[in-house]
Amino acid sequence: MNKKFECLRCALCCKNTNFSNVNIDQKTIGEKLAKKGLYLGAKKSKIGILLFNDEFKKLREFADKYGIDFHPVPLFFVIDRISENAIILCWTLGHKVCPFLKKNDDHICLVEEFKPLVCRAFPIIKNIKDTKMKYLSSRRCPGVLKTENQEIDFTSFYENELEAAETVDKKMQEIFNCFSKLKEKNRIDPICQINPNDAVKILGDYLTSGKTCFIEDVENDSVI
Ligand code: SF4
Ligand code: SF4
């Protein structure tokens, strides 16, 4: 028996990118976040693959170079009084079918070398119940179903995918820590308690006028 998870390259997870969704209660989370001045830029049904800002930049560059239609949506953002920018913490893909999946039957990922961490983590997904978090393998993945009747050591079988999933969580935590630190040091002054729906409309105006930046730019003092 194969001792490591083997992807069948069926591309189901690339054609239905909300496969990797974390199960979230958007209303409760949205209200909690708004108190801190953080907003979700996409509705739950539109939340798919998470993209960190560095991943977004590489994919943007690749898409522009090869004329690929790529319109991701900011996943978490802040509206900042100091820089008068919408500060973006991370993105979500914004397409049900990933635009980086080659359009033929080979199921080739055009960005294999730098594909997002979340893609590397799949079929590992996160289940949060009563504030307890657990990693599971998604039963929507045929590669997982194929091994269902086999005895596996979960940690070792999904070693690579778990490592990617843990890196996703670590990076996400670093981003939120960065946000809290910038706030504590009064480097940003987020507008709190906007109705989350209004915040999304306001974000649209900032995007249209180009008044957006990445949280890393604020951290590195490189906001123009
Ligand atoms: S991870 Fe699963 S769903 Fe995605 S391509 Fe591989 S076998 Fe298919
Ligand atoms: S980036 Fe590659 S692996 Fe990830 S969803 Fe797109 S085609 Fe699939």
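Relevant structure appears above.
The following paragraphs examine the structure supplied in this document. (Residues numbered from 1 in each chain as written. Chains lettered and ligands numbered in written order. Predicted model: local features only at pLDDT ≥ 70, side-chain atom pairs only at ≥ 80, totals over all residues.)

### Overview of the site of ligand 1
- Neighbouring ligand 1 are the residues C7, L8, R9, C10, A11, L12, C13, F122, P123, C141, P142 and G143.
- Going through the elements one at a time, α1 (12-15) and α5 (142-145) are the ones with two or more residues in the shell around ligand 1.
- Considering only residue class, the shell around ligand 1 consists of 10 nonpolar, 1 polar and 1 charged. (Near = placed C-beta within 6 Å. Helix = DSSP H or I, 4+ residues; strand = E, 2+ residues; numbered from the N terminus. Nonpolar A, V, L, I, M, F, W, Y, C, P; charged D, E, K, R; others polar.)

### A word on the pairing of strand β4 (residues 86-92)
- Judged by how many residues are buried, β4 sits mostly within the fold: 7 of 7 residues are covered.
- Direction of pairing for strand β2 (residues 50-52) relative to β4: antiparallel, over a ladder of 3 bridges. Looking at β4, one finds that L50 is bridged to T92.
- Note: strand β3 (residues 73-79) against β4, 6 bridges, orientation antiparallel. Each residue of the ladder has a partner; that of F76, found in β4, is C90. (Buried ≥ 20, exposed ≤ 12 C-beta atoms within 10 Å, placed from the backbone. Pairing = 2+ DSSP bridges.)

### Topic: the site of ligand 2
- With respect to spatial proximity, the complete set of residues near ligand 2 consists of C14, T17, I49, C98, F100, L101, C109, V111, K115, P116 and C119.
- Of the residues belonging to the shell around ligand 2, the class tally is 9 nonpolar, 1 polar and 1 charged.

### Brief notes about helix α8 (residues 196-208)
- Under the 1.5 Å per step criterion, the end-to-end length of α8 is 19 Å for 13 residues, consistent within 8% with the ideal 18 Å.
- For α8, the full list of buried residues reads A199, L203 and Y206. End-on, the buried residues of α8 take up no more than an arc of 60°, which puts them together on one face. Set apart from the buried face of α8 by more than 90 degrees, the exposed residues are N197, D198, K201, G204, D205 and T208.
- Elements that come into contact with the buried residues of α8 comprise β1 (39-40), β3, β4 and β7 (212-214).
- Backbone geometry just after α8 places G210 at a positive phi near 75°. (Expected span 1.5 Å × (residues − 1). Arc of directions from axis to C-beta. Contact = placed C-beta atoms within 7 Å.)

### Some thoughts on unusual backbone geometry
- In this structure, P123 follows F122 across a cis peptide bond, with omega equal to 20°.
- Examined against the element boundaries, P123 turns out to sit in the loop between α4 (117-121) and β5 (124-129).
- The backbone of H107 shows a phi angle near 55°, a positive value even though the residue is not glycine.
- Looking at where H107 falls in the secondary structure, it is placed in the loop between β4 and α4.
- Its identity as a non-glycine residue notwithstanding, N186 has a phi of 55°, on the positive side.
- Inspection of the secondary structure puts N186 in the loop between α7 (159-184) and α8.
- C-beta crowding within 10 Å serves as the criterion here: with 8 such atoms nearby, N186 is assigned to the exposed category.

All quantities given are derived from atomic positions and should not be read as evidence of function.
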